[in-house]
Amino acid sequence: ISYQQWEQLTEKAIAYYQEQENMFEKSKVRINAQGGGRKSILSQEEEICLCLFYLRQMPTFEILGLQFEISKTQANDLFHKWLQILRKLLPASLLEELKNQPQKREMLSELLAEIELLVDSTEQVRERPKSYQEQKKYFSGKQQSHTFKNSVISCAKGEDIIDVTVGARGPEADINLFVQQQLKFYDSQEFVGDKAYVGAARTTTPTKKPRGRELTAQQQENNQQISRQRIFIEHLIRRLKIFRVAADKFRLNPQNYEQVILTICGLVRLRLGTFSLTP
């Protein structure tokens, strides 16, 4: 993100944190005088930087603590503390951003119905679950590992994330996730997807090669045209995977997966300039 966006983000995050602290202080039954306890080694801006640094580089918390000259326990605590706040401030998709504004969301649905949206999914390897039943649920034959699956819907040129589904089981069919996402749009909404979405309603997909035969020249040209349309959502997913915590094996508690990936989606949207933190 730009330096200006960084300043806006830290200002909003610190203000939100202070607001929450003030609310907690009013309801707290205090025994000791306010202001006691050990002072924080890092400034609040440095703590936010620590959180973003982990999302981008995903070091171990021991290495993260060494880089910021604190213990690995403090690094872990600070990361989760500011992750929750960033998740509150950064809407992961356009539909989420407008979820409490029904009139604007209705207008958005009408505008989106006039264009074709792009859809694609991605898998990410996770730590092997301890339970055998969970292992069976999350084992992906395609990746030969236990994975999470995310489904992303974007604008025609990949300028924004319209909707995102995060943390589904890796073996779950792409088309099944997509069918649930389609319920959030008008019945007339058109989409463009790859071969995984063949058979989905109102969705343009490439033609599969028939068994034992070749595609015609016209079919090959149509497939190339669809690929030229879809390349933009591939670029958008690449932006998400710049963050190593969204690309490498997910080492954190699986319960935190949705919160982490949705926060990254919000950061990418902030970087693209699709929403502003200023009122």
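Computed from a prediction, not measured in an experiment: that's the story for all the values here. Throughout this description, residue numbers start from 1 for each chain and increase along the sequence as written. Reporting of local features is limited, given that this is a predicted model, to residues whose pLDDT is at least 70; pairs of side-chain atoms are given and counted only at 80 or more, and all residues count toward the totals for whole chains, interfaces and linings. Hydrogens are left out, water is left out, and the side-chain values use all remaining heavy atoms of the structure.

1. With respect to the side chain of asparagine 150
Next, step 1: Summarising the element assignment, asparagine 150 is placed in strand β3 (residues 145–154).
Next, step 2: Each polar contact in these results corresponds to two N or O atoms within 3.5 Å; when the atoms are within protein, one needs to be able to donate a hydrogen and the other to accept it, and residues that are neighboring in sequence are counted only if both atoms are side-chain atoms. Only 3.0 Å separates the side chain of asparagine 150 from the backbone nitrogen of glycine 167, close enough to count as a polar contact.
Next, step 3: Among the polar contacts listed, one links the side chain of asparagine 150 to the side chain of tyrosine 257, at a separation of 2.9 Å. In this description a helix means any DSSP run of H or I spanning at least four residues, a strand means any run of E spanning at least two, and both kinds are numbered starting from the N terminus.

2. Digging into the side chain of lysine 149
Next, step 1: By the element assignment, lysine 149 lies in strand β3.
Next, step 2: Of note is the side chain of lysine 149, whose polar atom sits 2.7 Å from the side chain of aspartate 174.

3. Points about the pairing of strand β4 (residues 161–169)
Next, step 1: DSSP-based pairing: two strands are paired if at least 2 bridges between them are found. In this sheet, β4 lies alongside β3 in antiparallel orientation, the contact comprising six bridges. When the sheet's bridge partners are listed, serine 151 is paired in β4 with threonine 165.
Next, step 2: Between the antiparallel neighbours β3 and β4 lie six residues, among them glycine 158 with a positive phi of about 70°.

4. Remarks on helix α8 (residues 174–182)
Next, step 1: Those residues of α8 lying buried are Asp174, Leu177, Phe178, Gln181 and Gln182. Projected onto a plane normal to the axis of α8, the buried residues spread over an arc of 140° and lie on a single side.
Next, step 2: Should any heavy atoms of two residues lie within 4.5 Å, those residues are considered in contact. Structurally, α8 contributes buried residues whose contacts are with β1 (116–125), β3, β4, β5 (190–192) and β6 (203–204). Each residue is placed in one exposure class: buried if its accessible area under a 1.4 Å probe, protein chains only, is under 20% of its type's maximum, exposed if it is over 50%, and partly exposed if it falls in between. To obtain the arc, one takes the directions from the helix axis to the C-beta atoms.

5. With respect to the nonpolar core
Next, step 1: In this description, a nonpolar core means a group of buried Ala, Val, Leu, Ile, Met, Phe, Trp, Tyr and Cys residues linked to one another through side-chain atoms lying within 4.5 Å. Counting 54 residues, the largest nonpolar core has Leu50, Leu55, Phe79, Val245, Val260 and Ile264 as the members making the most contacts within it.
Next, step 2: Per-element accounting of this core gives the leading share, nine residues, to helix α10 (residues 257–272).
Next, step 3: Ranked by size, the runner-up nonpolar core spans 15 residues in total, among them Leu98, Phe178, Phe185 and Phe191.

6. Structural notes on the pattern of salt bridges
Next, step 1: Any Lys or Arg side-chain nitrogen located within 4 Å of an Asp or Glu carboxyl oxygen qualifies as a salt bridge. With the rule as written, the count across this model stands at 14 salt bridges.
Next, step 2: With a shortest N-O distance of 3.1 Å, lysine 184 and aspartate 163 are connected by a salt bridge. Of the two residues, lysine 184 is situated in the loop between α8 and β5 and aspartate 163 in strand β4; the sequence distance between them amounts to 21 residues.
Next, step 3: A network of salt bridges, in which partner residues are shared, links Asp120, Asp194, Arg230 and Glu234.

7. A look at the environment of tyrosine 197
Next, step 1: Residue position: tyrosine 197 is located in the loop between β5 and β6.
Next, step 2: In this structure tyrosine 197 comes out as buried when scored by relative accessible area, which is 0%.
Next, step 3: In this structure, the C-alpha to C-alpha distance between tyrosine 197 and isoleucine 175, residues 22 residues apart in sequence, is 5.2 Å.
Next, step 4: The contacts of tyrosine 197, once residues within four sequence positions are left out, are Val119, Asp120, Ser121, Ser151, Asp174, Ile175, Phe178, Thr203 and Thr205.

8. Description of the state of the cysteines
Next, step 1: Only a pair of cysteine sulfur atoms within 2.5 Å qualifies as a disulfide here. What the rule picks out here adds up to zero disulfides.
Next, step 2: Residue cysteine 49 stays outside any disulfide, its sulfur separated by 9.8 Å from that of cysteine 51, the closest cysteine.
Next, step 3: Exposure remark for cysteine 49: the relative accessible area of 34% places this residue in the partly exposed category.
Next, step 4: With no disulfide of its own, cysteine 155 has cysteine 265 as its nearest cysteine by sulfur position, at a separation of 14 Å.

9. Concerning the packing of aromatic side chains
Next, step 1: Under the pairing criterion, centres of Phe, Tyr and Trp rings, with the six-membered ring standing for Trp, must be within 6.5 Å; the plane angle then separates stacked pairs below 30 degrees from edge-to-face pairs above 60, leaving the rest tilted. Applying the stated criterion to the full structure yields 11 aromatic pairs.
Next, step 2: For the pair tyrosine 54 and phenylalanine 79, a centre-to-centre distance of 4.6 Å together with 55° between the ring planes defines the contact as tilted. Remark: phenylalanine 79 occurs in helix α4 (residues 72–89) and tyrosine 54 occurs in helix α2 (residues 44–57); sequence separation between them is 25 residues.
Next, step 3: Of the residues examined, tyrosine 54 reaches a relative accessible area of 2% and is grouped as buried.
Next, step 4: Taking the relative accessible area as the measure of exposure, phenylalanine 79 reaches 0% and is therefore buried.
Next, step 5: An angle of 85° between the planes, with centres 4.8 Å apart, marks the rings of phenylalanine 250 and tyrosine 257 as edge-to-face.

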